[in-house]
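Reading the structure
Take a look at the letters that make up each chain.
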Amino acid sequence: MEKIELRGCSENELIEICQKIGLKRFRAIQLFQWVQQKAVRSWADIKNISKSDLETLSNHLHFSVLNKVREQRSKDGTRKYLFRLEDGETIECVLMDYARLKARDRHTICVSTQVGCPVGCAFCATGLEGFKRNLSAAEIISQVLDISQDIQQEDPDFQVTNIVFMGMGEPMLNYDQVLKSIRVLNQAQGLNIGMRRMTISTSGVVPKIIQLAKDNSQVGLAVSLHAADDSTRDKLIPMNRRYPLSELMEACREYSRITHRRITFEVALTADNSKPAEAEALARLLKGQLGHVNLIPVNPVVGTGMERPSQEKIVKFAQVLEDAGISVSSREERGTDIDAACGQLRRQWEGKLV
Ligand code: SF4
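Residues numbered from 1 in each chain as written. Predicted model: local features only at pLDDT ≥ 70, side-chain atom pairs only at ≥ 80, totals over all residues. Heavy atoms only, no water.

We now examine the overall build of the protein. On a plain count of helices and strands, the protein comes out with 13 helices and 14 strands. The long-range share in the protein, meaning contacts at least 24 apart out of those at least 6 apart in sequence, stands at 68%. Accessible surface, the protein: about 15,600 Å² in total, of which carbon and sulfur atoms supply 47%. (Helix = DSSP H or I, 4+ residues; strand = E, 2+ residues; numbered from the N terminus. Contact = heavy atoms within 4.5 Å. Areas by Shrake-Rupley, 256 points an atom, 1.4 Å probe, with all protein chains shown as cover.)

For helix α5 (residues 137-152), built from 16 residues, the straight-helix expectation of 22 Å at 1.5 Å per residue is met to within 8% by its first-to-last C-alpha distance of 23 Å. For α5, the tally of buried residues reaches 15 of 16 residues, placing the bulk of the element in the interior. (Expected span 1.5 Å × (residues − 1). Buried < 20%, exposed > 50% of the residue type's maximum accessible area, 1.4 Å probe, protein only.)

A few words now on unusual backbone geometry. Note on backbone geometry: most residues besides glycine have negative phi, and most peptide bonds are trans. Phi is positive for His226, which is not a glycine, with a value near 70°. Relative to the elements of secondary structure, His226 occurs in the loop between β11 (220-224) and α8 (230-236). A residue is classified by how much of its surface remains accessible, and His226, at 7% relative accessible area, is buried.

What follows deals with the pairing of strand β5 (residues 90-96). Within β5, six of the seven residues are buried, which leaves it mostly tucked inside the rest of the structure. Relative to β5, strand β4 (residues 79-84) runs antiparallel, the two being bridged by six bridges. By the bridge assignment, Leu82 is partnered in β5 with Glu92. Remark: five residues form the turn of the hairpin made by β4 and β5, two consecutive strands paired antiparallel; Gly88 in that turn has positive phi of roughly 95°. Here β5 runs beside strand β6 (residues 108-111); their pairing, made up of three bridges, is antiparallel. Within β6, the residue paired with Val94 across the bridge is Cys110. (Pairing = 2+ DSSP bridges.)

With that settled, the discussion passes to the packing of helix α11 (residues 276-286) against helix α12 (residues 311-323). Running from N to C, α11 and α12 cross one another at 30°; their axes reach a closest spacing of 9 Å. By the angle between their axes, α11 is roughly parallel relative to α12. The handedness of the crossing between α11 and α12 is right-handed. In this structure, α11 contributes Pro276, Glu278, Ala279, Glu280, Leu282 and Ala283 to the contact, and α12 contributes Phe317, Val320 and Leu321. Broken down by class, the residue content of the contact of α11 with α12 amounts to seven nonpolar, no polar and two charged. (Axes fitted to C-alpha atoms, helices over the stretch in contact; angles between N-to-C directions. Parallel < 35°, antiparallel > 145°, perpendicular 65-115°, else oblique. Left-handed = near helix turned anticlockwise from the far one by under 90°. Nonpolar A, V, L, I, M, F, W, Y, C, P; charged D, E, K, R; others polar.)

Taken together, the residues surrounding the ligand are Cys117, Val119, Gly120, Cys121, Phe123, Cys124, Gly127, Gly167 and Gly169. For the shell around the ligand, a count of residues per class yields five nonpolar, four polar and no charged. (Near = heavy atom within 4 Å.)

Before going further, it helps to spend a moment on the environment of Gln289. Relative to the helices and strands, Gln289 resides in the loop between α11 and β13 (291-297). Judged by relative accessible area, which is 12%, Gln289 ranks as buried. The spacing of Gln289 and Met249 is 40 residues in sequence and 8.5 Å in space, taken between C-alpha atoms. Leaving out residues up to four positions away in the same chain, Gln289 has contacts with Met249, Cys252, Arg253, Ser256, Ile263 and Phe265. Polar contacts involving the side chain of Gln289 include one to the side chain of Ser256, which spans 3.2 Å. (Polar contact = N/O pair within 3.5 Å; in protein donor to acceptor, adjacent residues only side chain to side chain.)

Attention now goes to the packing of α5 against helix α6 (residues 175-186). Interhelical geometry of α5 versus α6 gives an angle of 45° and a closest axis separation of 8 Å. Between α5 and α6, the angle falls in the class oblique. As for how α5 packs across α6, the hand of that crossing is right-handed. Contacts between α5 and α6 pair Ala137, Ile140, Ile141 and Val144 from the former with Gln177, Val178, Lys180, Ser181, Val184 and Leu185 from the latter.

Looking at the secondary structure, you find His107 in the loop between α4 (98-102) and β6. The spatial distance from the C-alpha of His107 to the C-alpha of Met96 is 7.1 Å, given a sequence separation of 11 residues.

Before going further, it helps to spend a moment on the UniProt feature "active site" (unreviewed entry) in the protein. UniProt's feature table lists "active site" (unreviewed entry) at Glu92 and Cys342, given in the numbering used throughout. Here Glu92 is to be found in strand β5. For Glu92, a relative accessible area of 3% translates into the label buried. There is a polar contact of 2.9 Å between the side chain of Glu92 and the side chain of Lys80. (UniProt positions renumbered as here; feature names shortened; annotations may be inferred.)

Attention shifts here to the UniProt feature "binding site: S-adenosyl-L-methionine" (unreviewed entry) in the protein. In the UniProt entry, the feature "binding site: S-adenosyl-L-methionine" (unreviewed entry) is given for Gly169, Glu170, Ser201, Ser224, Leu225, His226 and Asn299. In this structure, Gly169 sits in the loop between β9 (162-165) and α6. Classification of Gly169 by relative accessible area gives buried; the value is 15%. If you trace the backbone, Glu170 turns up in the loop between β9 and α6. For Glu170, a relative accessible area of 3% translates into the label buried. Once residues lying within four places of it in the same chain are set aside, the contact partners of Glu170 are Thr113, Gln114, Cys117, Val119, Ser201, Thr202, Ser203, Gly204 and Val205.

Here it is in structure tokens:
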């Protein structure tokens, strides 16, 4: 019999399993709290469940954790982790801006959803590696649990408050496991992270945008837009050839119509795509859309040929959007001293960056 991954189980799934193997309901709730709230890393760390019950449980449930291979700490407080999975693959996740956001009681973790990525965006180190496999809900949740565990050793009050599905991989291409992890992370007896504090970032998988609106209208949505015309976006995000801008924007309007929620449009600014004419085209594309534009000057990545735009260009770009009545912010780059762009640490670890 194949064992079920413990860290991916919801409270109800554990109740069902306990009932099937002759254990009381409250055992399942205790177990769920140990795993999700206390982030224990082994059966031996669970204290108020008898050894014989734990043994019975371990015959049906597989308790896997992530192994930290490397950690980088940025001067700005961002911490980047490289974790090894049970099959030897590695993934990255990031605790954003720990020191600054701590003062605001806000701790955001950016998690990966796939090993590698099939999309192949031109500015992304993960895309250069191709796709290996999807992560399970347990592996997605484990990133949150194991980072929490790591930080709690030096800061016992540390609690994750926000999660962005924006690390390695396209979350919408691993939709079921991502949604499952969101439901578990939201549970009151677990980490109890509000639906509105979790955000899925997509390169534009149109059918899944509509499905998300219908399945879970509370989770935040961010769309990696990056260009306002198909020929430029085709080159940056190959997903655009399958779902061009007209279809993507129609899906975004439908998402906002169903959820009444504002979409965050991510625009990576490079030296090449940050001219005022491009800002004007973006303003035309987003006219009437419930949304907010987040400008992200790119981290230079070896192998992509992308260059960061000047500060003057960034400010001008934002001004054009503001003048058109579009809400806009520029995301301060975090962790520029620690290879914080998606996939960079993994590539460096595997010896592909020099
Ligand atoms: S930016 Fe995201 S979707 Fe694009 S290649 Fe990288 S991980 Fe994949």
